[in-house]
Amino acid sequence: MPSMLRNTTTRYGWAAIVFHWLVALVFIGQFALGLAMIRVASQRTSFELIQLHKSFGFLLLGLVLIRIGWRLGNARPELPAEVGAMERKAAPAVHLALYAAQLVVPLSGWVLVSVSVLEIPSMPFNLFVMPHLPLGVSEQAETFWIFGHRWLAYLGMALVALHFLAALRHHFWLRDAVMARMISPSLGRGDHGPE
């Protein structure tokens, strides 16, 4: 089992797989929660949802930083030989854009609460007070970052959709192991045999 924790050149290990799905779950859940919290009628419920959204935002930021650190310290499984040259160039660019979105969206949320004229403290899961970033508070900055945070989230979800569609294409159309190897290390070995 310990040998299945880390990546190899032919498959992802359990750590990368768990980080992938945890980040995906929190990122997509945050988008849904963000839409819900601005549409509820009750101010109390809206406030509670916003605090929960901020909590999961800080969790997402931490998970993504750990995931990037793990990614930098591990091998990257190679794409199957049948993957074309254009896709070989596009895949790293989309992955880089996804990592950037997963970082920038929660960071922009942190900037937003830091510049807000409401100056409401952020208390991740009611465990501690997360300090605001040292930025100027103003209505103009708050309006800008509300817009920026929202549209960065939409862009992030568009990248998630593109990534998901590409994974489905690999699994159902090309019938290679690209999607399967992000489910279990034992499914990602392809025709390379046991390690």
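Residues numbered from 1 in each chain as written. Predicted model: local features only at pLDDT ≥ 70, side-chain atom pairs only at ≥ 80, totals over all residues. Heavy atoms only, no water.

**Q** Explanation requested: the pattern of salt bridges in the structure shown.
**A** Oppositely charged side chains are able to pair whenever their charged atoms sit close together. Counted by the stated rule, this structure contains two salt bridges. Its salt-bridge partner being E48, residue R44 comes within 3.4 Å of it at the nearest N-O pair. Of the two residues, R44 and E48 both sit in helix α2 (residues 43-72), four residues apart, roughly one turn of that helix. Accessibility expressed as a relative area gives 42% for E48, which makes it partly exposed. When the shortest N-O distance is used, the salt bridge between E87 and R169 registers 3.0 Å. Taken together, the positions of E87 in helix α3 (residues 85-115) and R169 in helix α4 (residues 139-174) put the pair 82 residues apart, joining distant regions of the chain. (Salt bridge = Lys/Arg side-chain N within 4 Å of Asp/Glu carboxyl O. Helix = DSSP H or I, 4+ residues; strand = E, 2+ residues; numbered from the N terminus. Buried < 20%, exposed > 50% of the residue type's maximum accessible area, 1.4 Å probe, protein only.)

**Q** How do you make sense of the packing of helix α1 (residues 14-37) against α2 when you look at a structure like this?
**A** A packed helix pair is summarised by two numbers, namely the angle formed by the two axes and the spacing between the axes. Running from amino to carboxyl end, α1 crosses α2 at an angle of 155°, the nearest separation of the two axes being 9 Å. It follows that α1 is roughly antiparallel to α2 by the angle criterion. In the crossing of α1 with α2, the sense of the turn from one axis to the other is left-handed. Grouping the constituent residues of the contact of α1 with α2 by class yields 19 nonpolar, six polar and one charged. (Axes fitted to C-alpha atoms, helices over the stretch in contact; angles between N-to-C directions. Parallel < 35°, antiparallel > 145°, perpendicular 65-115°, else oblique. Left-handed = near helix turned anticlockwise from the far one by under 90°. Nonpolar A, V, L, I, M, F, W, Y, C, P; charged D, E, K, R; others polar.)

**Q** Before we go on, may I ask you to explain the nonpolar core in this structure?
**A** Soluble globular proteins: nonpolar side chains tend toward being buried together. With 14 residues, the main nonpolar core has V23, F27 and L60 as its most contacted residues. Excluding its chain neighbours within four sequence positions, the residues that come into contact with F27 are L60, A101, Q102, V105, G156, M157 and V160. Of all hydrophobic cores here, the second largest spans five residues; its members include L61, W110, V113 and M130. (Core = buried A, V, L, I, M, F, W, Y, C linked by side-chain atoms within 4.5 Å. Contact = heavy atoms within 4.5 Å.)

**Q** Just to check I follow, could you spell out the layout of surface pockets for this structure?
**A** It is the rolling of a water-molecule-sized probe over the atoms that shows where space remains empty. Each pocket or cavity is described by its volume, and for the largest pocket that value is around 1300 Å³. Of all the secondary structure elements, the ones that give two or more residues to the lining of the largest pocket are α1, α2, α3 and α4. Looking at the lining of the largest pocket element by element, the count peaks at twelve residues for α3. Taken together, the residues that form the lining of the largest pocket break down as 28 nonpolar, six polar and seven charged. Taken together, 35 residues form the lining of the second largest pocket, with M37, I50, H53, L112 and H149 sitting closest to its centre. Sorting the residues of the lining of the second largest pocket by element identifies α1, α2, α3 and α4 as the ones contributing at least two each. The element contributing the most residues to the lining of the second largest pocket is α2, with ten residues. Here the lining of the second largest pocket is composed, by residue class, of 22 nonpolar, nine polar and four charged. (1 Å grid on protein atoms, 1.4 Å probe; cavity = no way out; pocket = protein on both sides within 12 Å on 5 of 7 lines; lining within 4 Å. Points joined across faces, edges and corners; volume = space filled by probe spheres on them.)

**Q** Looking at this structure, how should I read unusual backbone geometry?
**A** Peptide bonds are trans in most cases, and residues, glycine excluded, mostly fall at negative phi. For F125, which is not glycine, the phi dihedral falls at a positive 50°. Relative to the assigned elements, F125 resides in the loop between α3 and α4. We note that N126 has phi near 55°; this positive angle belongs to a residue other than glycine. The exposure class assigned to N126 is exposed, which follows from its relative accessible area of 65%.

**Q** Help me understand the environment of S186 in this model?
**A** Mapped onto the fold, S186 is located in the segment after α4. As a C-alpha pair, S186 and H20 span 166 residues in sequence and 16 Å in three-dimensional space. Reaching out from S186, the side chain makes a polar contact with the side chain of S184 at a distance of 2.9 Å. (Polar contact = N/O pair within 3.5 Å; in protein donor to acceptor, adjacent residues only side chain to side chain.)

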